[in-house]
Amino acid sequence: MSGANGVRDKLQALRARVTAATTPAERVNSKLELAEELWHRDPVAARPLFEEVVAEAEAAGLAPRAGRAASILCEMLRHAGDLEGSARYAELLLRDADRSGKRDDRACALNLVGLIHQERGELDQALACFEEFLRLSREIGFKRGEQPALNQLAGVHALQGELDKALGYYQQALRLTEESSDFYARALQFHNVGWTLEAMGRWAEATEHFHRAVALCEEHDNRDLLLACRMALGELALKRSDYDNAALVFRHVIDAAREMNHSGGVYREALSNLGWTYFRNGDLARAEETLAEAARLSHASEDRYQIATFGCRRAELALAQGRLDSARDLLVEAARQASALKLRKEQGEVLRVEALLSAARSDAGPALDLFARAEAAQEPLGDTYELAQARLQHGRLLFELERTAEALPLLQNAARTFRRLAVVAEAEEAGRLLYRIEVRSDRDAALLQGLFGIAALGLVPELFMERALFLLCDNLRFEHGAVLLDGRPVALRGRPDQTQIPDPRTPLTQSDLALFLPVKKDRRLLGSLWLGRGQPLSERVDRGLLELVSRALAPEFQKLLELKKVEAGGAPEVPGLRFRGVVGSNPEVLDLLNLVPRVAATPVPVLIRGESGSGKELIARALHDSGPRAERPFVTVNCAAVPENLLEAEFFGVEEGAATGVAARPGKFELADTGTIFLDEIADMSPALQARLLRAIEDKTITRVGGSGEKQVDVRVIAATHADLDLRERQGLFRRDLLYRLNTVQFLLPPLRRRREDLPALTGYFIARTAQEYCRPVLRASEAVLALFATFSWPGNIRQLQHVIERAVILASGHRLEIADLPPELRQAQLVTAAPPAPATRDDQRKVADEAERTWLLKAIERSPDNMTEAARLSGYSRAQFYRLLRKHHLGE
């Protein structure tokens, strides 16, 4: 028997056995078997059968059969939301266990009773049940009960906001799996511990636990849990405002779910998270499309929880787009579902977004009341992200209404929570508002609080220096500034004349026009700060305050000095170049970077070509930061896979009244006025929109969707693509005149496989950065790892290399990376060279890479000995680079 016919025949046979049963025991056993066969196929039909089994088994004294059926009914009814019915069967199980004296049965019944109390919100009663469940399991050596009991206790303490207790229980459950061969259970416990650490703001430890869960799932092919762990990593990146990495992870989860034919909750959640990532990164068009698809799927599956949560997100997006009526309608549906399911967090979120809607309609009174109600709904759940978000937005509205005394405690509480949770964007916003309040009364205190607030965010040192320099210039009334390490700038503000900056060994000096502060620790010079202004100002900065500023900067300087010890082939000495990124010594890249300052000084459009992950946005940033628009906006639009009507609104904005209930909002061109707009994946734009873009570039005017008036904009355009635009132009998919206009200056970034000489430098740098960020002991990569890196094709380029190294450093246990620390796609890659072991010096590492490069070339030539053009293609190098490398390695002579 097979397929539907086989199932039908089996069910008919089981029903026949029930009919033919001659004793109560036979009837109970056959009816139970039939009910279990129906259970997963037709729960509605199975339920009365299980109920009959319970009644008949109880009457016949067949307690085990009755217990089995009652346990299934208890879970079935609980999942269906019938908590009263579930409780009746749980109590029955508890009575039977007490009557029989079977303590393991009592332990299992206590678990079921506890789960029912938990779903009712009766957390104290749930804790009592789970604590007795754990005690009994330990007393009788019931191993199958101890781990679930620990997990249930952790879950309840987490709901009560007692994260320290939750972590303790999860860690105990993790230790139970250390000697177990149940790899799924171990991976699950790594995930649970990671989730709790993330909720506590201990993101470095959380990331390690999630990666360990991922590694176990990959090794043992637990694909469902693997998706959940990757989702958690993406959500962590989103909270840290690492939007590119978050989007990459969520897209990976979506693709993997599709491969597994999953259209369920994980797939929908990943879509929603991806849409929310786009929203947080300002990409409203793609956010709308992605969130709408997630909502459509949640309605189709009747997932009421997701309807509530996705509806809130879509309402907030609609508000950002000025679609106030749409936001109201979405909130009505989200509120209905959240209320029906008694979802307190989601109810609070609905109230918060309703407050934003009232504020958008200039109804300040109702908005303030709704914010207060949102906080009241969230407060019983603990000091959560959602509560802090409501307080931040409430405080911001009060600040705008000039009610600063009321705003201050709300913003202070929000900032404290966001810093604890390591949520970067919101912590920075709260910090900026607090600074603006406090600077009115005490500029010095505001400056110090601002500096230490930035330090609490856990930013990488360069970003910390940028934020700190901006704050110092603003507070101390300077227009220009530079943070210097060994006399070289690591952060710049304005357009400082670097010829005016003193020697790093110069002592503290102040004048009407400049301030120079050496930063020291234990008399050791770490770095320096220079600030300058155009108009003289006689006041001086207090030396005591400068000493405190020096102390705030010193730890970040120490981190930068540690990174400098790594021979990473950093950015070259190019006058006028501002470039945040590792370079190496590849001639193509060095030539390109030498062009950046010259091109940056002009307003001409630039087209950047290169594969995904090769650094196109880094170059766009360098062009912006190295030119006269450096202090002006840098606005990014990703043109890929967005419908034309949405992308047009994204580019050019929407006029008020363009549709019913739509408020005016500016587009990206207006937001980028006087600055730079970066159009990523330009090849995916529709021909009709290309015409409007061409006009905006040539005439420097835009017209909002639904409007008629033109608006002048002064925007420098930088475009990027990984596609062959020349081919698309020949196919009629890309306008020739737009291509010529964008292609005034072109930068072509080589893929990583054409930069093999840079691999040792890049590897060393990324190891040092990750080890510093996650406090790991790793110092270098083994020779085997370097040899493997040198021969791998790196389809994801530098971004892939960075992610591979981050994961490996987090998982490594020793002082160097080994093959076993790498992800499966690297471990399974076959080496094309057997490079001899070599010391870890830079020269010898380069020899390893050179030998791998030579072998790679030979392999390409062997595959196409009579056609060098084809051999070049097979190698992955450009024709010119291929012949240059042939000469370098004395091949083909």
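Here is what the cut-offs are and how they apply
Residues numbered from 1 in each chain as written. Predicted model: local features only at pLDDT ≥ 70, side-chain atom pairs only at ≥ 80, totals over all residues. Heavy atoms only, no water. Salt bridge = Lys/Arg side-chain N within 4 Å of Asp/Glu carboxyl O. Helix = DSSP H or I, 4+ residues; strand = E, 2+ residues; numbered from the N terminus. Buried < 20%, exposed > 50% of the residue type's maximum accessible area, 1.4 Å probe, protein only. Pairing = 2+ DSSP bridges. Axes fitted to C-alpha atoms, helices over the stretch in contact; angles between N-to-C directions. Parallel < 35°, antiparallel > 145°, perpendicular 65-115°, else oblique. Left-handed = near helix turned anticlockwise from the far one by under 90°. Contact = heavy atoms within 4.5 Å. Nonpolar A, V, L, I, M, F, W, Y, C, P; charged D, E, K, R; others polar. UniProt positions renumbered as here; feature names shortened; annotations may be inferred.

Per an unreviewed UniProt entry, the protein chain is named Tetratricopeptide repeat protein, and its organism is candidate division WOR-3 bacterium.

Caption draft 1: Spatial organisation of the pattern of salt bridges. Taken as a whole and assessed by the stated rule, the structure comprises 63 salt bridges. As a salt-bridge pair, Arg477 and Glu539 come within 3.0 Å of each other at their nearest N and O atoms. With Arg477 in the loop between helix H24 (461–476) and strand E1 (480–485) and Glu539 in the loop between strand E5 (524–532) and helix H25 (543–564), this pair connects stretches of sequence that are 62 residues apart. Look at Arg477 and you get partly exposed, because its relative accessible area is 37%. The class for Glu539 is partly exposed, based on a relative accessible area of 45%. A salt bridge links Arg695 to Asp699; its shortest N-O distance comes to 3.6 Å.

Caption draft 2: Geometry of the pairing of strand E6 (residues 606–609). The alternating pattern of E6 places Val606 and Ile608 and Leu607 and Arg609 on opposite faces, both of which are buried. As paired elements, E6 and strand E11 (residues 716–721) share 4 bridges and run parallel to each other. Across the sheet, the residue bridging to Leu607 is Ala719, located in E11. Taken together, the 4 bridges between E6 and strand E12 (residues 745–748) define a ladder with parallel strand orientation. Bridging across to E12, Leu607 finds its partner in Gln746.

Caption draft 3: How the structure looks around the packing of helix H8 (residues 143–159) against helix H10 (residues 183–199). Where H8 contacts H10, the axes come no closer than 12 Å and their chain directions differ by 15°. Classified by the angle between their axes, H8 and H10 sit roughly parallel to one another. For the pair H8 and H10, the crossing hand works out as left-handed. Residues Gln147, Asn151 and Ala158 of H8 form the contact with H10, whose participating residues are Ala185, Gln189, Asn192 and Trp195. Across the contact of H8 with H10, the residue classes break down as 3 nonpolar, 4 polar and no charged.

Caption draft 4: Structural context of the side chain of Gln393. Topologically, Gln393 is positioned in helix H20 (residues 385–400). Not counting chain neighbours up to four residues away, the residues in contact with Gln393 comprise Glu316, Arg352, Leu356 and Phe371.

Caption draft 5: Inspection of the UniProt feature "coiled-coil region" (unreviewed entry) in the protein chain at higher detail. Here, UniProt's "coiled-coil region" (unreviewed entry) annotation points to residues 284–344. Split by type, residues 284–344 is 85% helix and 0% strand. Its first and last C-alpha atoms lie 28 Å apart.

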